[in-house]
Amino acid sequence: MKFDTVIIGGGLSGLTCGIQLAEQGITCAIVSSGQSAIHFFSGSFDLLGKVEGREVTNPLESIKMLPPSHPYQRVGHHNVERLAGEVPRLLARAGLHFSGMAEKNHFVLTPMGTMKPTWLTLEDFTCFEQNGELPWKRATVLNFKGFLDFHTLFIKDGLTRYGVEVQTRDIAMKQFEAIRRNPSEMRSSNIAKVFDAGDALNQFAEKVNELTEDADVVILPAVFGLFNTTVTADLKARVKKPVVLLPALPPSTPGIRSQILLRQRFQELGGTYLLGDIVQEGEFKEGRLQNITTANHGDIKLEADHFVLASGSFYSKGIVAGPDKLYDPIFGLDIDGESDRSQWFDKQLFNDQPFMHYGVKADEHFRALLNGQPIENLYVAGSVLGGANPLKEGSGAGICMVTALHVAEQILQ
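Residues numbered from 1 in each chain as written. Predicted model: local features only at pLDDT ≥ 70, side-chain atom pairs only at ≥ 80, totals over all residues. Heavy atoms only, no water.

S.K.: In this structure, what is going on with the pattern of salt bridges? I would like to understand it.
M.R.: A side chain with one charge may pair with a side chain of the opposite charge, provided their charged atoms come close. Under the defined criterion, the tally for this structure stands at 17 salt bridges. Where Arg161 meets Asp157, a salt bridge forms, and the shortest distance between an N and an O atom there is 3.0 Å. A salt bridge links Glu177 to Arg180, with the nearest nitrogen and oxygen atoms 2.9 Å apart. You can see Glu177 and its partner Arg180 sitting in helix 6 (residues 177–180), 3 residues apart, about one turn around the helix. Overall, Glu177 belongs to the partly exposed group, its relative accessible area being 29%. The network of salt bridges with shared partners includes Glu23, Glu86, Arg89, Arg93 and Arg265. (Salt bridge = Lys/Arg side-chain N within 4 Å of Asp/Glu carboxyl O. Helix = DSSP H or I, 4+ residues; strand = E, 2+ residues; numbered from the N terminus. Buried < 20%, exposed > 50% of the residue type's maximum accessible area, 1.4 Å probe, protein only.)

Here you go:
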C-alpha cells in the first residue's frame, strides 16, 4: 500500500498531524496500536503550566525561559505562538469546541477540588479567571451510587479550603442497577451510554433538582455525552442550578468522545486509520525510510514519501527502558538520554525525574537520527521527543499538538 505520509501512532499527536496533512490533500495512513492517552483526558489541554516549579501566567512569554533543548524552543517562539493559535481552530473543525488562549492561562477545578492553570478547556467544563476565587458559597457534590471513580470527599475537602460549604449526596436510579452489581461495569463510559440512549436524562435532572435546592452550584462527574454530543447541554438546560462537571478516573468520557471525533474528522478527509496494528520494522535505503512492516499486514508493506513517528513516550512504549539501555523498539533510533541506568531517576520521588526528559533524538527539522545521521523522510512529533518533563511543566498536550503541526509544515514545504 502506498501513501503520501504514514504516521505511526494514533494518539493526540498523530491525529493532529494527520488531520492537518489530510486537510491539505495529502493521503495519509495512521497506524495505531490501540487506545491512546486521550482516554485519560481531563477536559483541558495544557500548553505550559509551570517553569522551574513556578506557576506560569502567560505560557507564550514563559516559553522563552525554557532550555534550548526543549521542544518549544526548537519549534521556535514565533512558530509556537502561530501554531498554538491554529490548534483550537483545527479542533473546532473536528467538532470539539474549547475556551482559552495561549497568552493567558485560565483555571479549572481538578478531581481533588483544587484549581490548576491550563490552556484550552472543553466547553463541557467550567473555566475560572483567578486561582482560589470561586463564585459560590454552597455546593452540592453528587455521585452515582456505586460509582467508585469519582471521589466526593476529596472534592469536598478541596472546596472547603476555598471557603465553600459542601454537601455530598448519592443518586440511585433503576437504569444503573444492572451495571452497579459489578464495580468493573460501573464505569463512566457505561453510565454515559445510558444517558446517550435518552431515557434517563430527564429523570436524573429531576432528582438533581430535588437534592440541590439549597445549593448555589451542582458538581457532577463528567460522564455525559459519549456518542451523543448534545447530552451535556441538555442536562445543563434541565437542571435549575449551575452545573460544574469534574473529571472522573479513566476511561474519560470526554476523552473517548474527543478521540472518536478526531478520528472521524481524519477519516472524513480521506485518511486511513489502521487500529489495532503494530509497526514491527522499517526498511532503509540511502538515508530514507522506504517502507514499514506491520503485524496485521504481514508481507504487505506500507510505503510512503514521508513517515512520522508519533508513538508516545514510555507509557505508550514509544521508547522502552530495558535492564541496561533505553531504545526505540521499532527502528532502533538514537535516544536522547543517559546510557547509565543509575542516572535515569532521582531517589526523591517527587523531584524532576531525569527519565521524563528522554526521547528519540531529532535534528533541527525534527527528522529522526540513526547512528548520528538524520533520516531524510522520518519525522518525530509529540511525547516521543525528548527535552521536556510534561508532567512537571504541564505541557504534554501542547507539545503533542504544536510539534505535530510543526512536523506537518515540514512535510508540506
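Picking up where we left off.
S.K.: Sorry, what's going on with the nonpolar core here?
M.R.: The nonpolar side chains of a soluble globular protein tend to be buried with one another. Counting residues in each nonpolar core, the largest one holds 129 residues, and the members touching the most others are Phe45, Phe144, Phe195, Phe204, Phe224 and Ile292. Looking at which element gives the most residues to this core, the answer is helix 12 (residues 396–412), with 10 residues. With sequence-adjacent residues up to four places away left out, Phe204 is seen in contact with Phe144, Ile171, Met173, Phe195, Leu220, Phe224 and Leu235. (Core = buried A, V, L, I, M, F, W, Y, C linked by side-chain atoms within 4.5 Å. Contact = heavy atoms within 4.5 Å.)

S.K.: How do you make sense of unusual backbone geometry when you look at a structure like this?
M.R.: What is expected of a backbone is that most residues other than glycine have negative phi and most peptide bonds are trans. With omega at 5°, the peptide bond leading from Pro250 into Pro251 counts as cis. The topology assignment puts Pro251 in the loop between strand 13 (243–246) and helix 10 (253–268). Non-glycine residue Glu286 carries a positive phi angle of around 50°. As for its position among the elements, Glu286 is in the loop between strand 15 (279–285) and strand 16 (288–294).

S.K.: Would you mind going over helix 9 (residues 231–238) with me for this structure?
M.R.: For an α-helix the count is 3.6 residues per turn, leaving residues at separations of three or four pointing the same way. By the burial criterion, the buried members of helix 9 are Val231, Thr232 and Leu235. Down the axis, helix 9 shows its buried residues gathered within 100° of arc, on one side only. Opposite the buried face of helix 9, by more than 90 degrees, sit the exposed residues Ala233 and Ala237. Close packing links the buried residues of helix 9 with helix 7 (188–196), helix 8 (201–211), strand 12 (217–221), strand 13 and helix 10. (Arc of directions from axis to C-beta.)

S.K.: Please clarify how the environment of Phe224 should be interpreted in this entry.
M.R.: Here Phe224 lies in the loop between strand 12 and helix 9. Between the alpha carbons of Phe224 and Leu246 there is a distance of 11 Å; along the sequence they are 22 residues apart. Filtering out sequence-adjacent residues up to four positions away, Phe224 remains in contact with Asp124, Phe144, Phe195, Phe204, Val231, Thr232, Leu235, Leu245, Thr253 and Arg257.

S.K.: Explanation requested: the sheet that holds strand 10 (residues 138–144) in the structure shown.
M.R.: Within a beta sheet, neighbouring strands are joined by backbone hydrogen bonds and run either parallel or antiparallel to one another. Within the open sheet, the 4 strands sit side by side as 11-10-12-13. Their pairing is parallel. Each edge of the open sheet carries a strand with a single partner, namely strand 11 (165–171) and strand 13. Neighbour-to-neighbour, the strand axes of the sheet open up by a mean angle of 25°, direction not taken into account. Two strands pair when backbone bridges link them, and strand 10 and strand 11 are joined in this way by 7 bridges, in the parallel orientation. What sits directly across from Leu142, in strand 11, is Arg169. (Pairing = 2+ DSSP bridges. Axes fitted to C-alpha atoms, helices over the stretch in contact; angles between N-to-C directions.)

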